[in-house]
Amino acid sequence: MTDDRTDQAEARDVWISGTEEPEWLVHATDEGAQKMRHVETAERLAEQLGTVVGDDFLLEETIGDDDLMIVNMGPQHPSTHGVLRLHVELEGEIVRRVQPIIGYLHTGMEKTAETLPFMLGGTNVTRMDYLAPLHNELCFALAVEQLLGIDLPPRAEAIRVLMTELNRISSHLVALATNGMDIGALSMMLYGFREREGILAFFEKVTGLRMNHNYIRPGGVAADLPDGWEDDVEGILDVMPGRLREYDDLLKENAIWKGRTKHVGILTAEEAVAWSITGPILRSTGIAHDLRKAHPYSGIDRYDFDVPVGTNGDVYDRYRVRVDEIWESLKIVRQVAEAMPRGDYKTDDRKISPPPRQRIDESMEALIHHFKIHTEGFRVPEGEVYVAVESPRGELGCYLVSDGGSQPLRMHTRAPSFANLQSVPIMLADSLLADTIAALASVDPVMGDVDR
Amino acid sequence: MHQSTPPSVITTRLDRAAAAVRGLGVAKWAQTRSMFPATFGLACCAIEMMATGTAHYDLARFGMEVFRASPRQADLMIVAGRVSQKMAPVLRQVYDQMPDPKWVISMGACASSGGMFNNYALVQGVDHVVPVDIYVPGCPPGPQSLMHGILTLHEKVMSGEMAR
Amino acid sequence: MSRPLPDDEILRGVLEGFDNVEWHQSRGQDVLEVRPDDLLAVAGAARSAGFEMCVDVTATDHLGRREPRFDVVANLLSIEHRRRLRIIVPVEFVEDQPPSVSSLTPIWPGANYFEREVYDMFGIVFEGHPDLTRILMPDDWVGHPLRKDFAVGAVPVYFKEGDGA
């Protein structure tokens, strides 16, 4: 049988791999021809790769293997979760190498932060991870408060926990929605955003904005919860469990979903720790590390909740971890709503938080404090600190250095998605191209966070 | 020998018919009723654009819920988010790949003018890169603002103000 | 010559054998100040002592405030012991020579992207890094944006009801 095929091949000047190399092939493969072929390929690539910027697609060391086809995904692509560019080297349908190329959303936020007073730092930071803006604000506010050395009233801390846990729910809903849409469950997109509208309506009532709130500021929160907030939270808590069960009906035992997500994009626990992966990805590998338990902040250790953990470290486990985290966050929100302490919603240190507007008419001091805070900004004593919170994507940290002035000397955000993208090449070695989409969706990168 | 209409008469009749149709505004009506947006969501505004497309605010009632991934199939580019220096050539290339007639909506403060990020990293307004038809302010503009912007674009196309 | 030493076992284990490493606390957080030559050795000791994850590598530019000009900062996390540690390496800036320090990627591969970002933003070269190229800025960008002598790049904004501008 093989000999027949070889005869046919010789007749057509085609060589079937695995059979004996014919004469003409042996003579054809000399170094000069190899080199020319690669240059030609590179040039043809240059024409075909539509969204390539500059020369940065030419990675000489990878154009070595004849069978590798280089495919460029992004930065404008429906399923790369923003402006992520993936340089993928394929052998047929199998991905041999993936390299994420980032920087298409770089906004210079860390440089801008050096020009903004501390009270306005939240406006800048909140736009980094735009799906979990309250977490960014919380991280920055905690760093500033640690440098200032102040404590917060319990109501401020409880409001922060309430808002950030609701934010975690809304962020995971987007993750589920886009995860589903990328793999083909298009209705998941509509369901996820439908639930999110309820939570965003609550945010709009409390903070004034649906996204990018600048609500959590150093010293507390910007405004108290409005009257009737308990009913709104109750409404969310009533609706979510039924909807989550709907999503489970759609996805949890669905054969197609399991076929696309089980044993796909596997990351082991050792790899995750070595590559600085945190958040649901780390927990899906089996390591029960959650900053809300390990290094609690903002009084979150007062509430009773569990940390869901996966076993295999595949896409399906990450999906389950995120759904279970929504359940746990609902638990926390219920506890906070039932036991919300009374009192101030921000610290009464007037050097830091501005006085209420009515007081300005009555008291000279209040007027001066208001003026100083809103023009120059409050000064933060010299020092440096690193504070981290558990954002829906992982460890979101803020390294803040102050030189005693009213603007930071250096504000660096440790972005969870930035580190988590390092896992993509590891997860996707020797997988199929379709798995790339599924695995990338499960990593859930937010490019504002990655590029800052 | 049978009579056949000479070519010049046919073309004149076709021209007159086309002019009549154009006068009715059929082309404009068709353009506004199914203006397919290209996916160009960059940052936070993209999330609000996605929210506009989903069930609660529903762009589908305007025939626009199908965001085309390929610019070749799109009429409208909604630049949703901040455009960095690295992304600007990509933006221009995608705009060039869209066939005529095409429109651009600059969604959000960052796309319209650089927003709060007046620094080295961002292009201070996408009108430095592509011609913009409608600017939608907001940070991010809510779905209602974006929809108002889209409907304003539809009105301007229908009235002939932005004829292509 | 006495220098302050931490009370606990883990940090003492890390500091053992290093004479030039200073320990202090900053707002209750443990900080080690390490010289560039000792960095890899101290990092290895920290890793063996239980700091399995390097969560962040960044830098600060102290231009005009103090010498040495740059601080390379590595934040470490121990999942097992629930602790954090910060290592600060002061790096000098010499004219016409890129400041350099050893890369932490042999010990914590996850420091890869962070070090690329520091190189991109500050121009600090990490020796031993597998792929030290720009990561956030375009490849042909000139300059290192987060240095203090690189301007923010703000463009003047003109308003309609201005002074006729």
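S.K.: Tell me what's going on with the interface of chain C and chain B, and back it up with residues and numbers.
M.R.: Facing 13 residues of chain C, the contacting portion of chain B comprises six residues. When the two sides are added together, the surface that chain C and chain B hide from each other amounts to roughly 750 Å², 64% of it contributed by carbon and sulfur. Put simply, chain C and chain B have zero salt bridges between them. Across the contact surface, chain C and chain B share two residue pairs in polar contact (both at pLDDT 80 or more). Tallied by class, residues from the side of chain C that touches chain B come to 12 nonpolar, one polar and no charged.

S.K.: Give me the lowdown on the sheet that holds strand S5 (residues 83-91) of chain C, citing residues and values where you can.
M.R.: All names here are of chain C. Taken in spatial order, the five strands make up an open sheet running S1-S2-S5-S4-S3, and their pairing is mixed. Looking at the sheet topology across the chains shown, the edges are occupied by strand S1 (22-26) and strand S3 (53-61). Strand-to-strand, the axes of this sheet are offset by a mean angle of 25 degrees, without reference to chain direction. Bridging between strand S4 (residues 70-78) and S5 involves nine bridges; their strand directions are antiparallel.

S.K.: Residue-level account of the nonpolar core, with values.
M.R.: Ranked by size, the top nonpolar core spans 199 residues in total, and within it Tyr130, Leu162, Phe202 and Leu400 of chain A together with Met77 and Val79 of chain B carry the most contacts. Per-element accounting of this core gives the leading share, 12 residues, to helix H7 (residues 154-183) of chain A. Once residues lying within four places of it in the same chain are set aside, the contact partners of Met77 of chain B are Phe40, Leu91, Val94, Tyr95, Met98, Trp103, Val104, Ile105 and Val130 of chain B.

S.K.: Explain unusual backbone geometry to me, using residue names and the numbers behind them.
M.R.: For the peptide bond that leads from Asp100 of chain B to Pro101 of chain B, omega is -10 degrees, which places it in the cis range. Mapped onto the elements, Pro101 of chain B comes out in the loop between helix H4 (88-97) and strand S3 (103-107). Note that the residue after Cys139 of chain B, namely Pro140 of chain B, is joined by a cis bond; omega there is -10 degrees. Its identity as a non-glycine residue notwithstanding, Asp444 of chain A has a phi of 55 degrees, on the positive side.

S.K.: Outline the interface of chain C and chain A, supporting the account with residue identities and numerical values.
M.R.: Many structure descriptions define interface size as the accessible area lost when the parts assemble. Each side of the interface is counted separately: chain C has 46 residues, and chain A has 49 residues. Roughly 3,900 Å² of surface becomes buried between chain C and chain A when both sides are summed, with 55% attributable to carbon and sulfur atoms. Connecting chain C to chain A are five salt bridges. Residue Arg84 of chain C pairs with Glu395 of chain A through a salt bridge whose shortest N-O separation is 2.9 Å. The interface formed by chain C and chain A includes 25 residue pairs in polar contact (both at pLDDT 80 or more). For the side of chain C that touches chain A, the secondary structure elements donating two or more residues are strand S2 (29-33), S3, S4, S5 and helix H3 (111-122) of chain C.

Rules and cut-offs
- Residues numbered from 1 in each chain as written.
- Chains lettered and ligands numbered in written order.
- Predicted model: local features only at pLDDT ≥ 70, side-chain atom pairs only at ≥ 80, totals over all residues.
- Heavy atoms only, no water.
- Contact = heavy atoms within 4.5 Å.
- Buried area = accessible area lost by both parts, 1.4 Å probe.
- Salt bridge = Lys/Arg side-chain N within 4 Å of Asp/Glu carboxyl O.
- Polar contact = N/O pair within 3.5 Å; in protein donor to acceptor, adjacent residues only side chain to side chain.
- Nonpolar A, V, L, I, M, F, W, Y, C, P; charged D, E, K, R; others polar.
- Pairing = 2+ DSSP bridges.
- Helix = DSSP H or I, 4+ residues; strand = E, 2+ residues; numbered from the N terminus.
- Axes fitted to C-alpha atoms, helices over the stretch in contact; angles between N-to-C directions.
- Core = buried A, V, L, I, M, F, W, Y, C linked by side-chain atoms within 4.5 Å.
- Buried < 20%, exposed > 50% of the residue type's maximum accessible area, 1.4 Å probe, protein only.

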